[in-house]
Amino acid sequence: MQSEGGNVVTVRLDSGGKGDLALVLTAGDAGKTSLERGQVLALARAFASQAK
């Protein structure tokens, strides 16, 4: 899920066992980041794919 401002993303990852893992990525201050919304989302997806 990505925040309305686009600078916070949370991703739920399957841990392969009991429970789940959560990846939370923040970029800049609330509403103030040099990254575009799509860039933050792409970064979170890249991190999530490496964590699996």
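Numbering of residues starts from 1 in each chain and follows the order in which that chain's sequence is written. The model is predicted, so local features are restricted to residues of pLDDT at least 70 and side-chain atom pairs to those at 80 or more, both for listing and for counting; the totals for chains, interfaces and linings are taken over all residues. Processing note: side-chain calculations cover all non-hydrogen atoms of the structure and skip hydrogens and water entirely.

Peer 1: Looking at this structure, I do not really get the overall build of the chain. What am I missing?
Peer 2: The numbering of helices and of strands both runs from the N terminus, where a helix is a DSSP run of H or I of at least 4 residues and a strand a run of E of at least 2. Looking only at helices and strands, one finds 1 helix and 2 strands in the chain. In sequence order, the chain lays out its α and β elements as β-β-α. Over its C-alpha atoms, taken along the principal directions, the chain stretches across nearly 35 × 15 × 15 Å. Classification of residues uses two cut-offs on accessible area relative to the type maximum, computed with a 1.4 Å probe and protein chains only: under 20% is buried, over 50% is exposed, and between them is partly exposed. For the chain, the residues scored as buried account for 19% of the 52 residues in total. For this analysis, residues touch if any pair of their heavy atoms sits within 4.5 Å. A fraction of 38% describes how many contacts in the chain between residues 6 or more apart in sequence connect residues 24 or more apart. A total accessible area of about 4000 Å² is found for the chain, and carbon and sulfur atoms account for 53% of it. For the purpose of charge, His is not counted, nor are the chain termini; Lys and Arg are scored as positive and Asp and Glu as negative. The location of each charge is read from NZ of Lys, CZ of Arg, CG of Asp or CD of Glu. In the chain, 6 side chains carry a positive charge and 5 a negative one; their mean positions are 5 Å apart. Residue exposure ignores everything except the shown protein chains as possible cover, and the areas themselves are Shrake-Rupley values with a 1.4 Å probe.

Peer 1: Would you take a moment to explain the nonpolar core for this structure?
Peer 2: Within soluble globular proteins, side chains that are nonpolar generally end up buried alongside one another. Joining through side-chain atoms within 4.5 Å is the link that ties buried Ala, Val, Leu, Ile, Met, Phe, Trp, Tyr and Cys residues into a set, and such a set is a nonpolar core. Counting residues in each nonpolar core, the largest one holds 5 residues, listed as Val9, Leu25, Ala27, Val40 and Ala44. In this structure Val40 touches Gln2, Gly6, Asn7, Val9, Leu25, Ala27 and Leu35, once residues within four positions along its chain are discounted.

Peer 1: Hey, could you run me through a nonpolar patch on the surface in this one?
Peer 2: Residues enter patches when their relative accessible area tops 30% and they take part in no salt bridge; the joining distance is 9 Å for like charges and 5 Å for the nonpolar side chains Val, Leu, Ile, Met, Phe, Trp and Tyr. One side-chain nitrogen of Lys or Arg within 4 Å of one carboxyl oxygen of Asp or Glu is enough to make a salt bridge. Where nonpolar side chains cluster on the molecular surface, the patch consists of Leu35, Leu43 and Phe47 and spans about 230 Å² of accessible area. Within the fold, Leu35 resides in the loop between strand S2 (20-26) and helix H1 (37-51). When its relative accessible area of 33% is taken as the criterion, Leu35 is described as partly exposed.

Peer 1: Hey, could you run me through the pattern of salt bridges in this one?
Peer 2: Side-chain pairing between opposite charges can occur once the charged atoms of the two side chains come close. Within this structure, the stated rule accounts for 1 salt bridge. Among the ionic pairs, Asp20 bridges to Arg12, the shortest N-O distance being 2.8 Å. Residue classification places Asp20 among the partly exposed positions, given a relative accessible area of 43%.

Peer 1: When you look at the environment of Lys32 in this model, what are you seeing that I'm missing?
Peer 2: As for its placement among the helices and strands, Lys32 is situated in the loop between S2 and H1. For Lys32 and Gly5, which are 27 residues apart along the polypeptide, the C-alpha to C-alpha distance reads 8.5 Å. Not counting chain neighbours up to four residues away, the residues in contact with Lys32 comprise Asn7 and Ala27.

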